[in-house]
Amino acid sequence: MTPVTDTMTARETLQMWIDEGAPDAAAIDAFIEQNSFPIVEPGSVTYVFHGQADGVNLRHFVFGLPSTQPLHRVPHSDLWYLTLDLPDCSRMEYKFELLFHGQGKWIEDPLNPNRALDPFGANSVLQSYGYEHPDWTRHDPEAREGTIEELRFRSRSLHHDYPVSLYKPARFRRTRRYPLLIVMDGGDYLHFSKMKTVLDNLIHRLEVSEMIVAFTHPRDRLNEYAAMPEHDRFLAEELTPRLESRYPLIGTREGRGLMGASFGALASFSTALRYPDMFGGLLLQSGSFAFTDIGEQQRGPAFEPVVEFVNRYRAKPVPMAEKVFVSCGMYESLIYENRSMVPLLQSTDMDVRYVESRDGHNWENWRDRMRDGLSFLFPGPLWMVYE
Amino acid sequence: MSRIALLGPQRLQPFVGEVARELEPHGSGAAITAGWQEHEDAVVELHEHLDRHTYNLDLYKRTEEVLRHDSSFADAYRERQNELRELQAYYRLRLDAAIEGVTALERRAERGPRWEEAHTDAMRALRTLDLEHATRIVEGNARFEEHHRPLEHGHIRKHHRQLRKMIDDAAFVAIAGGHVAVLLNRMRLFGLAELLAGKTIIAWSAGAMAISETIVLFHDNPPQGAGNAEILENGLGLARGVLLLPHAKRRLDLASQERIARLTTRFSPLRCIPMDEGDRIDLENGVILTNRPHRELTTAGAVETAGV
């Protein structure tokens, strides 16, 4: 057995064991202890699992790759591995599926400390070669913190109370006039995308304007956000005027924006389309812009009203805002729909910015694109301020 | 003899107090913090650093009062601000094209015998555009002054009188950074160029930019846009011959020889001075004292220490 040397990379060591057979358990334990996993190299990644199982599968959510891929056992060991080609600067959320007697059990990768939370729990996160976790998404002790006020609005359109978490920037002053951004799935953006931290940091860095942000919390998301006229009416005719009567908001089209991800992007889009004189900025992340050119849609009943709505727009695209920021991950199934939407939006002479990332349909992808989107819609005074 | 000390940013490693004690050991100070806008009066820390009696000149607050009480002047003032914004927008459009003219040549791998000449011409076109823009603003400002004669308006005259007295009584004037256009507008409105002439001044960041000859806005890596440096307008001209670049380490790609060379060549003969934490330059009668060590950006694209 060739000994492991200091100059060997983790991948080279693993390859040697694959070729020559595994060493003793102590050497494997040392290997696990001394390296970080997955093993990331330019253009590729190697997943590693150490433990007993009949089989181990990689389960992930990257559209375009098989969602289940088996790890291979290093001969005569309880070490498992799988090497995949993966473009640099990618993020991939995944789990391992451990197989015992034909039954699968999904777990997070025990060797990888990176986790992403989402409404369904947590996933392990692979950051491929070159990916950088943006520093403006982490708490910055120098950034003054804004505040969140919890509000409730009775909606006549929806016939129920609608909770809203209202962000006010640090050093908020009633003598100023602020832009208003209304965010769909507000709780998820705050919790999983750390949007309060992002706002505090980007405002501190002068990259986005000081603003008031209404994080809305849906009660019946799949219905309310599926281009439901009552929900759009609530945002435009109830929530916005009430906020403008209570807080120092600019109160013009260019001072108002809507933002959302997935179905939340669709809700933003449909509201702006039904009220084209109200909202100057749209921030649409991985929008559920499902459509059909021919035949039936295949995405399930929740998408029926969506497809009908988007098909109508595609037949006759019209402007509904001044500026539209669209982002989508290349590894999500909605990339086709989003790419298709961009030229239509551009054809209406709106100012459209489109950004793609090597990421999936998840809250950290949406977090990482916020600097681009928010600074485009509501640019801060960075250019003019020299403290 | 007027003495001016221009400093790098003072937020993290403030040394404005030491400089004030060195230049004017005795007497009270006056402070201009209008660049902080509504937060103009948040001066506790500044006063602690200066450690002596200091009046705040309250230029931002005074301007708000003038605009509240003199509606016809307020309309004219706002119209002028709109005009300036419009001019800047057109200049930016033309600037994008002019800078592309220079950078397209610089990107070219094959450079024939006439490349140098073409590059010089492209750079000249860029400098001409800058000059035209600055001239348009100077002309517009002159027209505004001549037509509206701000200092003859009752409210402004009252403030001007008070400011003259406060500045005359102060041993030095400290001018803080912040929003450079807001600061410059307020200083210009109350005729500060005249009131500050001959005074000992300590200014940093936007404060230093505002009293210089030419104000250039810059950021090589903004979240949006190409990051093309642009002339805002002429400053008060109390500090001449220097182009001040606060937070240079953060805002400029100092490792890019090409970008730095383009910036320095474009604005020569002004000396491009990066102003980071701890930096200081001194001027006498408005001109930099070159025998004191300071950093400068060269037309070759390097950062050099001069005056050693």
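The structure under discussion appears in the preceding block.
Residues numbered from 1 in each chain as written. Chains lettered and ligands numbered in written order. Predicted model: local features only at pLDDT ≥ 70, side-chain atom pairs only at ≥ 80, totals over all residues. Heavy atoms only, no water.

J.: Looking at this structure, how should I read the overall build of chain A?
T.: Looking only at helices and strands, chain A features 11 helices and 19 strands. Looking at the 387 residues of chain A, the share that counts as buried comes to 56%. Pairs at least 24 residues apart make up 73% of the contacts formed inside chain A by residues separated by at least 6 positions. In the structure as shown, chain A presents an accessible area of about 16700 Å², 50% of it carried by carbon and sulfur atoms. In chain A, 40 positive and 54 negative side-chain charges are present, and the distance between their average locations comes to 9 Å. (Helix = DSSP H or I, 4+ residues; strand = E, 2+ residues; numbered from the N terminus. Buried < 20%, exposed > 50% of the residue type's maximum accessible area, 1.4 Å probe, protein only. Contact = heavy atoms within 4.5 Å. Areas by Shrake-Rupley, 256 points an atom, 1.4 Å probe, with all protein chains shown as cover. Lys, Arg positive; Asp, Glu negative; His and termini not counted. Charge placed at Lys NZ, Arg CZ, Asp CG, Glu CD.)

J.: When you look at the overall build of chain B in this model, what are you seeing that I'm missing?
T.: A tally of helices and strands in chain B yields 11 helices and 14 strands. Against the 2.2 N^0.38 benchmark of 19 Å for 308 residues, chain B shows a C-alpha radius of gyration of 20 Å, consistent with a compact globule. Roughly 14100 Å² of accessible area belongs to chain B as shown, and the carbon and sulfur atoms make up 49% of that amount. Computed over 40 positive and 46 negative side-chain charges, the inter-centroid distance for chain B is 1 Å. (Rg over C-alpha atoms; globule rule 2.2 N^0.38 Å.)

J.: Is there a simple way to explain the packing of helix α4 (residues 71-107) of chain B against helix α11 (residues 257-267) of chain B in this structure?
T.: When two helices pack together, their arrangement is given by the angle between their axes and by how far apart the axes lie. Residue and element names in this part refer to chain B. The contact between α4 and α11 brings their axes to 12 Å, and the two run at 125 degrees. On the basis of their axis angle, the class for α4 and α11 is oblique. Crossing hand, α4 versus α11: right-handed. Of α11, the residues touching α4 (which contributes Tyr91, Leu95, Ile99, Val102, Thr103 and Glu106) are Glu258, Arg262 and Arg266. Partitioned by chemical class, the residues of the contact of α4 with α11 number 4 nonpolar, 1 polar and 4 charged. (Axes fitted to C-alpha atoms, helices over the stretch in contact; angles between N-to-C directions. Parallel < 35°, antiparallel > 145°, perpendicular 65-115°, else oblique. Left-handed = near helix turned anticlockwise from the far one by under 90°. Nonpolar A, V, L, I, M, F, W, Y, C, P; charged D, E, K, R; others polar.)

J.: Explain unusual backbone geometry to me, please; I cannot follow it from the model alone.
T.: In terms of backbone geometry, most residues other than glycine have negative phi values and most peptide bonds are trans. Residues Phe37(A) and Pro38(A) are joined by a peptide bond in cis, for which omega reads -5 degrees. Position of Pro38(A) relative to the elements: it lies in the loop between α2 (25-34) and β1 (39-41). Residue Pro269(B) follows Ser268(B) across a cis peptide bond; omega there is 15 degrees. Residue placement: Pro269(B) occurs in the loop between α11 and β10 (271-275). One non-glycine residue, His76(A), adopts positive backbone phi at about 60 degrees. By the element assignment, His76(A) lies in the loop between β5 (72-73) and β6 (79-85). The phi dihedral of Asp349(A) is positive, around 70 degrees, even though this residue is not glycine. Position of Asp349(A) relative to the elements: it lies in the loop between α9 (335-346) and β18 (351-357). In this structure Asp349(A) comes out as exposed when scored by relative accessible area, which is 72%.

J.: What exactly am I supposed to notice about the sheet that holds strand β4 (residues 172-175) of chain B here?
T.: In a beta sheet, neighbouring strands are held together by backbone hydrogen bonds and run either parallel or antiparallel to one another. All names here are of chain B. With mixed pairing, 7 strands are arranged side by side in an open sheet as β3-β2-β4-β6-β1-β11-β12. Of all strands in the sheet, those with a lone pairing partner are β3 (54-56) and β12 (287-288), marking the two edges. Bridge count for β4 against strand β6 (residues 200-204) is 4 bridges, and the pairing is parallel. Opposite Val173, over in β6, you have Ile201 as the bridge partner. (Pairing = 2+ DSSP bridges.)

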